[in-house]
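# Observations on the model geometry
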Amino acid sequence: MNIISWEDFTGKKPLAGKRCAFTIGVFDGIHLGHMALMKRIIGEKDTVPVVFTFRQNPHEIFKKDFQGNIYTQNQKLAIMRDIGIDTVILIDFSYEFGKLSGRQFFQKIEESLIPVKVVIGYDFRCGFNNDTGSAEIKSMYAGSGVDVEVVAEFVYSGCTVKSTFIRSLITEGRLDILSELMYNGYSVDVSGLDPDVIPRNEIRQLLPGSGSYKIKLFRDGSFTDAVINVNNTHVKLEYTKEE
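Below or above, wherever it landed, is the structure these notes cover.

Definitions and cut-offs
- Residues numbered from 1 in each chain as written.
- Predicted model: local features only at pLDDT ≥ 70, side-chain atom pairs only at ≥ 80, totals over all residues.
- Heavy atoms only, no water.
- Core = buried A, V, L, I, M, F, W, Y, C linked by side-chain atoms within 4.5 Å.
- Buried < 20%, exposed > 50% of the residue type's maximum accessible area, 1.4 Å probe, protein only.
- Helix = DSSP H or I, 4+ residues; strand = E, 2+ residues; numbered from the N terminus.
- Contact = heavy atoms within 4.5 Å.
- Pairing = 2+ DSSP bridges.
- Axes fitted to C-alpha atoms, helices over the stretch in contact; angles between N-to-C directions.

## Observations concerning the nonpolar core
Core analysis: the biggest nonpolar cluster contains 49 residues, and Tyr186, Val188 and Ile228 have the highest contact counts within it. Elements represented by at least two residues in this core include exactly helix H2 (32-39), helix H4 (73-83), strand S4 (87-91), helix H8 (163-171), helix H9 (178-181), strand S13 (211-219), strand S14 (222-230) and strand S15 (234-239). For this core, the element with the most residues is H4, which contributes five residues. If sequence neighbours within four positions are ignored, Ile228 has contacts with Tyr186, Val188, Gly211, Ser212, Tyr213, Ile215, Leu217, Val235, Lys236 and Leu237.

## What about the sheet that holds S15?
Each strand in a sheet pairs with another by means of backbone hydrogen bonds, the pair being arranged parallel or else antiparallel. Taken in spatial order, the five strands of this open sheet run S11-S13-S14-S15-S12, and their pairing is mixed. In the strand order of this sheet, the two ends are held by strand S11 (187-189) and strand S12 (197-199), each with one partner. Averaged over all pairs of adjacent strands, the angle between strand axes in this sheet comes to 40°, irrespective of strand direction. Pairing between S14 and S15: five bridges, direction antiparallel. Of the residues in S15, the one forming a bridge with Val230 is Val235. In this fold H4 packs onto S11, S13 and S14, with an angle of close to 120° to the strand it touches most, S11.

Quick look at the structure:
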């Protein structure tokens with residue numbers, strides 16, 4: 001999988017002249033809704049499936065009470081690779097980038113690849129003051145031959161499956177449900193950390209409250225079954241032995 005910075009994408013233009021199907025989003029905790037977007041850009045004839053996402057979650061910049069990502073960047077990239085994404089464009093969100101209108105953002109994309117298909121979620125918005133949503137994007141590409149697909153919401157037990165819903169389940173410790181809603185269920189990235197007992201504040205992800213939970217551990221690009229025991233100060237890991 002190719003990983004390209006926004007600066008290189010718009011400057012060096014490695015995808016110039018290539019027909020691409022793309023989707024855009026933060027993709028914090030890759031759930032059923034996110035997977036639906038990505039799967040719709042894979043398998044298009046003679047096109048490159050491209051995901052535009054952020055190197056840093058914009059909520060980390062704008063939300064003072066931000067409690068951590070659901071997945072780390074490395075977890076997200078590993079899952080995108082497994083799903084079949086060819087290229088990921090990582091955007092370094094900044095106040096300067098945030099001043100771009102949605103139209104300007106899409107113009108920069110169009111200057112650096114050939115858009116064939118754009119897939120967005122039903123609630124997608126981008127641009128300064130969120131000035132651009134699905135209606136505006138459809139209008140941009142009307143009559144151009146570019147296919148704009150808007151993916152409807154996923155509903156589970158009467159609740160829309162969004163990152164906010166996933167966050168609430170983690171906070172409540174209802175991790176068993178996440179195996180049905182996320183690509184790899186709830187997972188903790190322990191790459192580069194002590195393999196047994198980790199201070200809670202060293203894990204840069206949203207953690208459940210105190211308790212013992214079956215989860216997936218992520219280390220060195222792969223996922224393994226494990227149990228974590230969480231308390232107010234530390235997380236203890238117990239690796240599940242293969243039978």
